[in-house]
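Single-letter residue listing:
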Amino acid sequence: MAELSGKYLVGVYDDDDTVLHAVPKLRKAGVKIKEVYSPFPIHGLDEALGHPRTRIGIAAFMFGVTGCCCVLTLMIWTMGFDWPMIIGGKDPISIPNYIPITFEGTVLFTAFGMVITFFISNGLGPGTHFHPRFDVRATDNKFVMAIEMSRNSMSEEEIARALKDSGAEEVNIKQF
């Protein structure tokens, strides 16, 4: 995860609909938005920012398939070949008996795999230094739009005016 450095123009919004409708207006005006921070997920914001569709569902499916295969292999091997036991007069390799444990193993592998994927994809882990916040209210009740000045060809005043016109309550400058 890259460290933040440089000069940022920070627009603070009061409503999620306002910030959601402000993003396409600002992008259409030529402003390159670094990120939008909000206290809760906003449906449609990732599309408005131009982020590609996430492939996290594919990872979850693959972790689930891996869990299912591992658990079935373990149970078939142990109950059918390594230590066969006849329980209740059923065959040692009886797939319907394995379904509940297979489901639990699938869920377990998927959950652990997704947690690990989350930490890796977000650059989190031991020794990670978190970057400073643009505005402390972004986790409480405000919506914060960060615009990196070095990526934009527009002047600071033009971007500040565009932020105000799009509904920002306040516009601040942050230097990291």
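Starting afresh in each chain, residues are numbered from 1 along the sequence in its written order. pLDDT decides what is reported in this predicted model: residues at 70 or higher carry local features, side-chain atom pairs at 80 or more are listed and counted, and totals for whole chains, interfaces and linings draw on all residues regardless. Water and hydrogen atoms were dropped before computing side-chain values, which therefore reflect all heavy atoms in the structure.

### A word on the UniProt feature "transmembrane region" (unreviewed entry) in the chain
Link 1 in the chain: The feature "transmembrane region" (unreviewed entry), as annotated in UniProt, sits at residues 56-78 and 98-120 in this numbering.
Link 2 in the chain: Secondary structure elements are defined from DSSP: runs of H or I of at least 4 residues count as helices, runs of E of at least 2 residues count as strands, and each element is numbered from the N terminus. Each end of residues 56-78 is marked by a C-alpha atom, and these two atoms are 33 Å apart; helix forms 100% of the span and strand 0%.
Link 3 in the chain: With 100% helix and 0% strand, the stretch residues 98-120 has end C-alpha atoms that lie 32 Å from each other. UniProt positions are given in the numbering used here, feature names are shortened, and annotations may be inferred rather than shown by experiment.

### Here we look at the domain arrangement of the chain
Link 1 in the chain: Partitioning the chain into domains gives domain 1 (7-53 + 138-175) and domain 2 (56-122).
Link 2 in the chain: Boundaries between domains were set according to an automatic or database domain assignment. Inter-centroid distance (C-alpha atoms) of domain 1 to domain 2 is 44 Å.

### Focus on the nonpolar core
Link 1 in the chain: The nonpolar core is taken to be a set of buried Ala, Val, Leu, Ile, Met, Phe, Trp, Tyr and Cys residues, with the residues joined through side-chain atoms within 4.5 Å. Whether a residue is buried, partly exposed or exposed follows from its accessible area with a 1.4 Å probe, protein chains only, as a fraction of its type maximum: under 20%, in between, or over 50%, in that order. Counting 23 residues, the largest nonpolar core has Tyr13, Ile33, Met145 and Leu163 as the members making the most contacts within it.
Link 2 in the chain: Mapped by element, the contributors of at least two residues to this core are strand E1 (7-13), helix H1 (16-28), helix H2 (45-49), strand E3 (143-148) and helix H5 (156-165).
Link 3 in the chain: The criterion used for residue contact is that any of the two residues' heavy atoms lie within 4.5 Å. With residues up to four places along the chain from it excluded, the contact list for Leu163 reads Leu9, Gly11, Tyr13, Leu26, Met145, Ile147, Ala168 and Val171.
Link 4 in the chain: Core analysis: the second largest hydrophobic core is formed by 7 residues, Val10, Val12, Phe134 and Ala146 among them.

### Focus: the pattern of salt bridges
Link 1 in the chain: Throughout this description, the term salt bridge denotes a Lys or Arg side-chain nitrogen within 4 Å of a carboxyl oxygen of Asp or Glu. For the structure on display, the rule yields 5 salt bridges.
Link 2 in the chain: A salt bridge links Asp14 to Lys142; the shortest N-O distance between them is 3.1 Å. Of this pair, Asp14 sits in the loop between E1 and H1 while Lys142 sits in the loop between helix H4 (95-121) and E3, and the two are 128 residues apart along the sequence.
Link 3 in the chain: Looking at Lys142, the relative accessible area reads 11%, which means it is buried.

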